[in-house]
Amino acid sequence: MNGLMMQQPLLISSLLVHAERHHGDREVVSRRVEGDIHRYTYREMAARARRLANALAALGVKPSERVGTLAWNGYRHMELYYAVSGAGSVLHTINPRLHPDQVVYIADHAEDQVLCFDLSFLPLVQAVAGRTKTIRHFVAMTDRAHMPADPKIPNLLCYEDLVAAESDQYEWPEFDENTASSLCYTSGTTGNPKGVLYSHRSTVLHTFAIALPDALNCSANDSILPVVPMFHVNAWGLPYAACMTGAKLVFPGPGLDGKSLYELFEAEQVTVSAGVPTVWQALLAYVDANKLKFSSMRRTVVGGSACPPAMLRKFAEDYDVHVLHAWGMTEMSPVGTVAAFKPQHLALPVEQRYAVMAKQGRAVYGVDMKIVDPAGRELPWGGPVSGDLLVRGPWVLSRYFKGDGGNPLRGGWFPTGDVARIDAEGYMLITDRSKDVIKSGGEWIGSIDLENIAMAHPAVAIAACIAVPHPKWDERPLLVVVRRPGAELTREELLAFYEGKIAKWWTPDDVVFVDAIPLGATGKMQKNKLREMLKDYRLPGA
Ligand code: ADP
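Definitions and cut-offs
- Residues numbered from 1 in each chain as written.
- Predicted model: local features only at pLDDT ≥ 70, side-chain atom pairs only at ≥ 80, totals over all residues.
- Heavy atoms only, no water.
- Helix = DSSP H or I, 4+ residues; strand = E, 2+ residues; numbered from the N terminus.
- Buried < 20%, exposed > 50% of the residue type's maximum accessible area, 1.4 Å probe, protein only.
- Lys, Arg positive; Asp, Glu negative; His and termini not counted.
- Salt bridge = Lys/Arg side-chain N within 4 Å of Asp/Glu carboxyl O.
- Polar contact = N/O pair within 3.5 Å; in protein donor to acceptor, adjacent residues only side chain to side chain.
- Contact = heavy atoms within 4.5 Å.
- Pairing = 2+ DSSP bridges.
- Disulfide = S-S within 2.5 Å.

**Quick notes on the side chain of Asp 112**
As for its placement among the helices and strands, Asp 112 is situated in strand β5 (residues 112-117). For the buried Asp 112, no salt bridge is present, and the opposite-charge side chain at shortest range is Arg 66, 5.4 Å distant. Of the polar contacts made by the side chain of Asp 112, one reaches the side chain of His 92; its length is 2.9 Å. Ignoring any residue separated from it by four or fewer positions in sequence, one finds Asp 112 in contact with Arg 66, Val 67, Gly 68, His 92, Ile 94, Ala 107, Thr 134 and Ile 135.

**Considerations on unusual backbone geometry**
Of note, the amide linkage connecting Ser 333 to Pro 334 takes the cis form, showing an omega dihedral of 5°. Assignment of secondary structure puts Pro 334 in the loop between β14 (322-328) and β15 (335-338). For Lys 291, which is not glycine, the phi torsion reads 50° and is therefore positive. Examined against the element boundaries, Lys 291 turns out to sit in the loop between α10 (277-289) and β13 (299-302).

**Here's the deal with the pattern of salt bridges**
Within the structure shown, the criterion is met by 35 salt bridges. A salt bridge links Arg 48 to Glu 160; the shortest N-O distance between them is 2.9 Å. You can see Arg 48 sitting in helix α2 (residues 42-58) and its partner Glu 160 sitting in helix α6 (residues 159-164), a full 112 residues away along the chain. A single burial state applies to Arg 48 and to Glu 160, both of which are buried. Among the salt bridges present, the one from Glu 317 reaches Arg 313, with a minimum N-O distance of 3.8 Å. Placement of both Glu 317 and Arg 313 in helix α11 (residues 309-319) is noted, with a separation of four residues, approximately one turn of the helix. We classify Glu 317 as partly exposed; its relative accessible area is 46%.

**As for the pairing of β5**
Counting buried positions over the six residues of β5 gives six, a clear majority of the element. Inspection of the sheet shows strand β3 (residues 66-70) paired to β5 by five bridges, in the parallel sense. Within β5, the position partnered with Leu 70 by the bridge is Phe 117. Two strands pair when backbone bridges link them, and β5 and strand β6 (residues 137-140) are joined in this way by four bridges, in the parallel orientation. Among the inter-strand pairings, Phe 117 is bridged to a residue of β6, identified as Ala 140.

**Topic: the state of the cysteines**
Disulfides are covalent bonds that connect the sulfur atoms of two cysteines. Per the stated rule, a full pass over the model turns up zero disulfides. For the unlinked cysteine Cys 243, the closest cysteine sulfur is that of Cys 218, found at 12 Å.

Printed below as a string of structure tokens:
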């Protein structure tokens, strides 16, 4: 017997309709590429998204066709999020930090029909425009007054002209909730980037989950500033969660340096933010150097790579900001776990609470996870052994766009490529990515642990740990460090800092000081590049 409730498909457009009807006066504030601050309400945003949907239809964009974006976090990008998906087409957010060759590859693979871009990315678009196969229209996301005089792109269209020419009367179509809504390519550290194709259903379910109190805890009373880019797994779902909850949205645009971010946090009384650790490092350095405080920020989500415990401690003790450490991946929409407390943690001594917060966290409802040994046998929770981390759920990928890479699943589970432990309370701790694991004498050494210790040293700005060949142990850990500006630190001092913090045989064999560690398009350390940089390095005596 079926239940007798309405069959209403879970569509992304319904989030916008909700925001307009029930939170119509709530503001969306953006720092623009043009240099100023733009503000309007959800009501105005919804009207412009409808105009844009009409404009895309006039350009001949059909349901299921892909519309690419190369854009910062801002209101026009937000309008595209809703207009493109809402109309039944697919929003393809492209990471502008990729090499032009990769952008061409991705745009061709996705068969993008239209490419909308912020003016900052004009040089990149010029570099790819003559090379892509399917893009019929290029749209500069600006007004007539700011259109480039000589863009070197034939028939370049102006976003504001397109929007102004259309009516705001548009009925969001109703269709199957399993329809594709958006497309995001993995960064492709190995091989070509692969497309992850989200659906309306997966997106809306993920939005419910991340808005919950023990996840990102979004409410109508929040002012949310996603630092994580809208081209990095849909800004972790915050553009959707803000509409679902009626939170104020604040977009930083191109202003991702510490000063610009801090000013926006204060001016717009931001309560919640989210980003990768490297961004927070820059913000904290600025706030520290200028002896500032956050007057409204209460919590920040840190994910994308491991949050160094020293960072969550600093946020808490110096700035009264609670760090929510979260883990996920493009293939998971992205959120899988969040390190929110359970009741038994609340009364713990502060050091033990930090230890809970430093784990990647417990599964949010909708995601199940397990760890397995190399033979695929499930490993127990609460044990000392790490295993391959597998996940499943309605917002986890089942296969890549166009079937690239074949069937990625193992017995119905998606192998994340991460190596993790799960404690008896269900908190997962990533010890490594499988390709970054250091195998010494047949035992694994967790590079993340070693990095976290180094980054707790006051003279260290950033540290990465990689495996280097060793004649006896196969591999040993090498620590690569960037010192803080003006700080002095020797190899011996840093290695002594490990004493008592870790099993002695885990201590790195050597330290190499460098000017910079290569960061990838999403702000993560690129250990493959680092290994390449140091391929001629030999351990002392090895
Ligand atoms: P890519 O895989 O292309 O680098 P993703 O953004 O999908 O891009 O990255 C997902 C990976 O990032 C995870 O599989 C994991 O290795 C790492 N990651 C994400 N969040 C965390 C975290 N909190 N701690 C440690 N690693 C993390």
